[in-house]
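Structural description and commentary
Below are the chains, spelled out letter by letter.
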Amino acid sequence: MPVKALFKPFHLGTLELPTRVVMAPMTRSFSPGGVPNAKVTEYYRRRAAAGVGLIITEGTTVGHKASNGYPNVPHFYGEAALAGWKKVVDAVHAEGGKIVPQLWHVGSVRRIGTEPDAGVPGYGPSEKLKEGQVVVHGMTRQDIQDVIAAFAQAAKDARSIGMDGVEIHGAHGYLVDQFFWEGSNQRTDEYGGSLANRSRFAIELIQAVRAAVGEGFPIIFRFSQWKQQDYTARLVQTPEALGEFLKPLSEAGVDIFHCSTRRFWEPEFDGSELNLAGWTRKLTGKPTITVGSVGLDGEFLQFMVNTDKIAQPASLEKLLERLNNDEFDLVAVGRALLVDPDWAQKVRDGREEDILPFSREALMTLV
């Protein structure tokens, strides 16, 4: 299957990408004090130089006291962090690539003792106590508005430093997704109950981001059926339910849906070969990004624990067939790009034998 489909330009409004290859957001934790440094800049620059059309940064925390859940994660607020990101933007643009930050709030995943303020508990849709101590603060309506304002400000700052859009992290059991998921959202007000109500937080957040950046500035929304807490979870069970879930998000201002799956080749529903990105494109008419074990023969779950397993480069034939059939528009590559900054160029040149395998050791350094 010819690889040229991966290297055709993509246009959506003001967003013009030189290729269909997207760098998936991957937490790296190499930004001490929340500030991306020269190593981070070079990390992203190298991918753009080798043919990645759109870089979606690792998750960057918005300006809310409970947004972070991990050490050395970059911020997307404050003068120093934004100055660091401006250097990243300039480096990527100099290589002809485009870049958007993934805006992130971890919600109830946060633990007491986490930076930057160790005394702040996780924030989530519903309160959680452990041995009489609040480990998850149940968000008030004012808390909800504060978080929405933080996302809107981050998006505004992204535009001001030259980012090419923003991605809102609404997947994988973090804050936005915690509101979607019935298991973590036990609220009895207008933000809980039906899936339509549980979607209200995300809809208001997207609307606020759109108001902050204006028309024409791309908003990507990442969502998933699976959760970190439950890899078999399904938010919706049918295409009809998926359409009902996505429509208000689309109308709120989403331009591109980033559809997170563990394996891009798996059908989302019985009776159709379409994956989640394929169904989302069909139901919304919006461009979609597919993702999930692209270019490797072992999925990421195998590497979430200490292991000596190695994921070898895998055939792209199934992916290219689906892309050529317009099932989705863009392809996000994760671990294959993490370990090999020249992955896109090697694929383009037909040098698959030169692509580096992935092992857990790759997570320990930025290359």
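Residues numbered from 1 in each chain as written. Predicted model: local features only at pLDDT ≥ 70, side-chain atom pairs only at ≥ 80, totals over all residues. Heavy atoms only, no water.

As annotated in an unreviewed UniProt entry, the protein is NADH oxidase from Pseudomonas fluorescens.

Thoughts on the pattern of salt bridges
What the rule picks out here adds up to 13 salt bridges. The partner of R45 in a salt bridge is E95, and the shortest N-O contact between them spans 2.7 Å. Note that R45 is positioned in helix α1 (residues 38-49) and E95 in the loop between α2 (79-94) and β5 (98-104), a separation of 50 residues in sequence. Since its relative accessible area comes to 23%, R45 is described here as partly exposed. Residues D340 and K346 are paired through a salt bridge, measuring 2.9 Å at the closest nitrogen-oxygen approach. (Salt bridge = Lys/Arg side-chain N within 4 Å of Asp/Glu carboxyl O. Helix = DSSP H or I, 4+ residues; strand = E, 2+ residues; numbered from the N terminus. Buried < 20%, exposed > 50% of the residue type's maximum accessible area, 1.4 Å probe, protein only.)

Topic: the layout of surface pockets
Estimates place the volume of the second largest pocket at around 420 Å³. Together, 18 residues line the second largest pocket, and S108, V109, R111, K128 and V136 are the ones closest to its centre. (1 Å grid on protein atoms, 1.4 Å probe; cavity = no way out; pocket = protein on both sides within 12 Å on 5 of 7 lines; lining within 4 Å. Points joined across faces, edges and corners; volume = space filled by probe spheres on them.)

Comments concerning the sheet that holds strand β6 (residues 122-124)
Pairing within the open sheet is mixed, and its three strands lie in the order β6-β8-β7. Every interior strand has two partners, whereas the edge strands, β6 and β7 (128-130), have only one. Along the sheet, successive strands turn relative to each other by an average axial angle of 25 degrees, direction set aside. Pairing of β7 with strand β8 (residues 133-138), which is carried by three bridges, proceeds in the antiparallel orientation. Directly across from K130, in β8, lies its bridge partner Q133. (Pairing = 2+ DSSP bridges. Axes fitted to C-alpha atoms, helices over the stretch in contact; angles between N-to-C directions.)

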